Structures are given as C-alpha cells and as structure tokens.
Amino acid sequence: MDEALLAWFDRESRDLPWRRTRDAYAILVSEVMLQQTQVERVVPRYERWIDRWPTAEALAAASSADVIVEWQGLGYNRRAISLHRAAKHVAEHGWPADLTVLPGVGPYTAAAVRNFALGEDVLPRDVNVERVERRTGHVFSASAAQALMDLGATVCLARIPRCSECPLAAECPSVGTRDEPARKQSRFEGSFRQRRAATLRAVAQAPRRVSEVDPEVVRSLATDGLVVIEDDVVALPTY
Ligand code: SF4
C-alpha cells in the first residue's frame, strides 16, 4: 500500500511552504499553527511569521506582546505563548532530546518535527492518519507521513470518503463505507472562546481598566499568560 500511496503523492502532493524546509524551528511553527487552524489560513500567516522571526533565537528575543499581536486571527491564542516559551527554551538550552518537554508540544507535534525536520523513522499520527490506517487496516511507514496526511485531508475524508479517487481503493477493505457524523465542533459564536478572542483584541489595541472588559475572561487570559493585570489595568505582557 505504501508504494501506491507514494506514487499518488508524487502526482498530487500539495505545495505547502513548510514542506520546502527541514528546519526544526520552521516545522515546529507550522505544526503548532496547524494544530487547530486550517491549512489555507495557516499558509500566509506562517510565511509572515517566518519572515519576521526566522529562527528560534529571533522569536525568543521578541516581546510577548508582539507575539500575541502577530498571532491574532489564528485562534487558540495560548498556542502563541507556548510557542514563544518553546523558542526561549531552545534559544537558551538547544533542542531537547525529548521534544515534548517544550511547552505546547505533545506526542504528535514532537513526532512531526522528528520526521519532517530530523528525518527520523517515526510516523506522526494525527486524526487523518489514524483514520486512513483504521480504514485500510494497514500500518504505514514513516516515509508515507506527508502522503497520508494529504490523502486523509483530501480523499479519505471523515464523513464521505472519495473512494473512486483513492489510490488505495483496490486493497482497502473499507472502500465505499462511511463513518457516522463526527461530533460537531462547539459553536464559536457566543462562546467563552469568542469572548476571550474579543477581549484580547481590545487589550491588544490599548490597555484597559478591568472594569471596562469582561473580568471573568481577563482572569482566564491572565492565567494563560496572554495578559497581565497591574493596578486594575489589563495589558499585554511586556516581557
Ligand atoms: S478506499 Fe476509501 S475508505 Fe479506503 S482509504 Fe481510500 S478513501 Fe479511504
């Protein structure tokens, strides 16, 4: 199956900017952005980020406020703080042997950096990869990682797989089957997440009195290190 998949990938692979590098920092930035944001939205933001902070050292030297503002619009802003802290760790101590000690880096992101940047023989399994392996009943090699991700994202879709376009259809025992609808992502409109995003946007424009903004939200943002509160004024962190 790996061969059929890789031949398909040769023809159909998506040209994504983080696929043109093997730099561990650049791969880490892309993976953290991709954790909860769609590829199309990530591409221009990733390019801007790498232009602005091309190395872990450059990012480590940036202020938290600049990092938070640059992240605006990607959502789940805690990721920006984690990425900043990870860059500081790398700038100070180098890359750790166990990448999961870096803030915001779980087993999947660590495996992705090890494969895509360091060329290690480890297959990063995200939901797309797990779905293709479950449906085909095949365990793919690490070299198929990018191909599997593309297949899961564009052909072996969660709800209605496009089996007629699939290079694995001849050998796949699940050809023509569908999954039950997945649980829908909770609504953003009116959610606590939306309140957090709106408050952070307001504070990024200018410091505010706590009483002017949503105090519950401000406390949660402060806990995540996204804002600081001093003398009843909430602002972006200056360190
Ligand atoms: S044949 Fe269908 S179910 Fe099987 S891997 Fe391809 S798209 Fe997925």
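Residues numbered from 1 in each chain as written. Predicted model: local features only at pLDDT ≥ 70, side-chain atom pairs only at ≥ 80, totals over all residues.

Right, let's talk about the overall build of the chain for a bit. Broken down by element type, the chain carries eleven helices and three strands. Reading the secondary structure of the chain in the N-to-C direction produces α-α-α-α-α-α-α-α-α-α-β-α-β-β. In the chain, which comprises 239 residues, the share counted as buried stands at 29%. Taking contacts inside the chain between residues at least 6 apart in sequence as the whole, the part at least 24 apart equals 51%. (Helix = DSSP H or I, 4+ residues; strand = E, 2+ residues; numbered from the N terminus. Buried ≥ 20, exposed ≤ 12 C-beta atoms within 10 Å, placed from the backbone. Contact = placed C-beta atoms within 7 Å.)

Glancing now at the domain arrangement of the chain. Interface size is commonly expressed as the accessible area that is lost once the parts come together. When cut into domains, the chain gives domain 1 (23-116) and domain 2 (192-235). Taken together, the six residues of domain 1 in the interface contact six residues of domain 2. The set of elements that each furnish at least two residues to the side of domain 1 that touches domain 2 consists of helix 5 (64-71) and helix 6 (78-93). (Domains from an automatic or database assignment.)

So, on to the nonpolar core. Ranked by size, the top nonpolar core spans 41 residues in total, and within it I27, L28, V29, Y46, A86, V113 and V227 carry the most contacts. For this core, the elements supplying multiple residues, two or more each, are helix 2 (24-34), helix 3 (39-52), helix 4 (56-61), helix 5, helix 6, helix 7 (107-116), helix 10 (192-205) and helix 11 (215-223). When residues of this core are assigned to their parent elements, the largest contribution, seven residues, is made by helix 2. In this view, V227 contacts V203, V218, L221, A222, V234, A235, L236 and P237; residues no more than four positions away in its chain are not counted. (Core = buried A, V, L, I, M, F, W, Y, C linked by C-beta atoms within 7 Å.)

Surrounding the ligand, one finds 14 residues, the nearest of these being C156, P161, C163, C166 and C172. Tallied by class, residues from the shell around the ligand come to ten nonpolar, two polar and two charged. (Near = placed C-beta within 6 Å. Nonpolar A, V, L, I, M, F, W, Y, C, P; charged D, E, K, R; others polar.)

Working note: α-helix, 3.6 residues per turn, so residues spaced by three or four point in the same direction. Every buried residue of helix 5 is accounted for by V67, I68 and W71. One side of helix 5 holds all its buried residues, which, seen down the axis, span an arc of 95°. Along its buried surface, helix 5 packs onto helix 6 and helix 10. Count one or two residues on from helix 5 and you reach G73, which has phi positive near 100°. (Arc of directions from axis to C-beta.)

Relative to the helices and strands, L99 resides in the loop between helix 6 and helix 7. For the pair L99 and D10, spaced 89 residues apart in the sequence, the C-alpha separation amounts to 30 Å. In this view, L99 contacts V105, A110, V113 and R114; residues no more than four positions away in its chain are not counted.

Despite not being glycine, D231 has its phi angle at roughly 50°, a positive value. Within the secondary structure layout, D231 lies in the loop between strand 2 (228-230) and strand 3 (233-235). Its identity is not glycine, yet D232 carries a phi of approximately 65°, on the positive side. Among the secondary structure elements, D232 is positioned in the loop between strand 2 and strand 3.

Now for helix 2. Among the eleven residues in helix 2, nine count as buried, and that is most of the element. Of all the residues in helix 2, the buried ones are Y25, A26, I27, L28, V29, S30, E31, V32 and M33. On its buried face, helix 2 is in contact with helix 3, helix 4, helix 6 and helix 7.

Our next topic: the packing of helix 8 (residues 127-136) against helix 9 (residues 145-154). One way to put it is that helix 8 packs onto helix 9 with a least axis distance of 8 Å and a crossing angle of 85°. One finds that helix 8 runs roughly perpendicular with respect to helix 9. Of helix 9, the residues touching helix 8 (which contributes N128, V129, R131 and V132) are L148, M149, L151, G152 and A153. Each residue belonging to the contact of helix 8 with helix 9 can be placed in one class, and the counts come to six nonpolar, two polar and one charged. (Axes fitted to C-alpha atoms, helices over the stretch in contact; angles between N-to-C directions. Parallel < 35°, antiparallel > 145°, perpendicular 65-115°, else oblique.)

What follows is about the packing of helix 2 against helix 3. Two numbers describe how helix 2 lies on helix 3: the axes approach to 10 Å, and their chain directions differ by 145°. Helix 3 is crossed by helix 2, and the crossing has right-handed handedness. Counted together, A26, V29, S30, M33 and L34 of helix 2 and V39, V42, R45, Y46, W49 and I50 of helix 3 form the full contact between these two elements. Partitioned by chemical class, the residues of the contact of helix 2 with helix 3 number nine nonpolar, one polar and one charged. (Left-handed = near helix turned anticlockwise from the far one by under 90°.)

Here we take up the sheet that holds strand 2. Strand order across the open sheet formed by three strands is 1-3-2, with antiparallel pairing between neighbours. Edge positions in the sheet fall to strand 1 (208-209) and strand 2, since each has one partner strand and no second. In the sheet, strand 1 pairs with strand 3 via two bridges, with the strands oriented antiparallel. Each residue of the ladder has a partner; that of R208, found in strand 3, is V234. (Pairing = 2+ DSSP bridges.)

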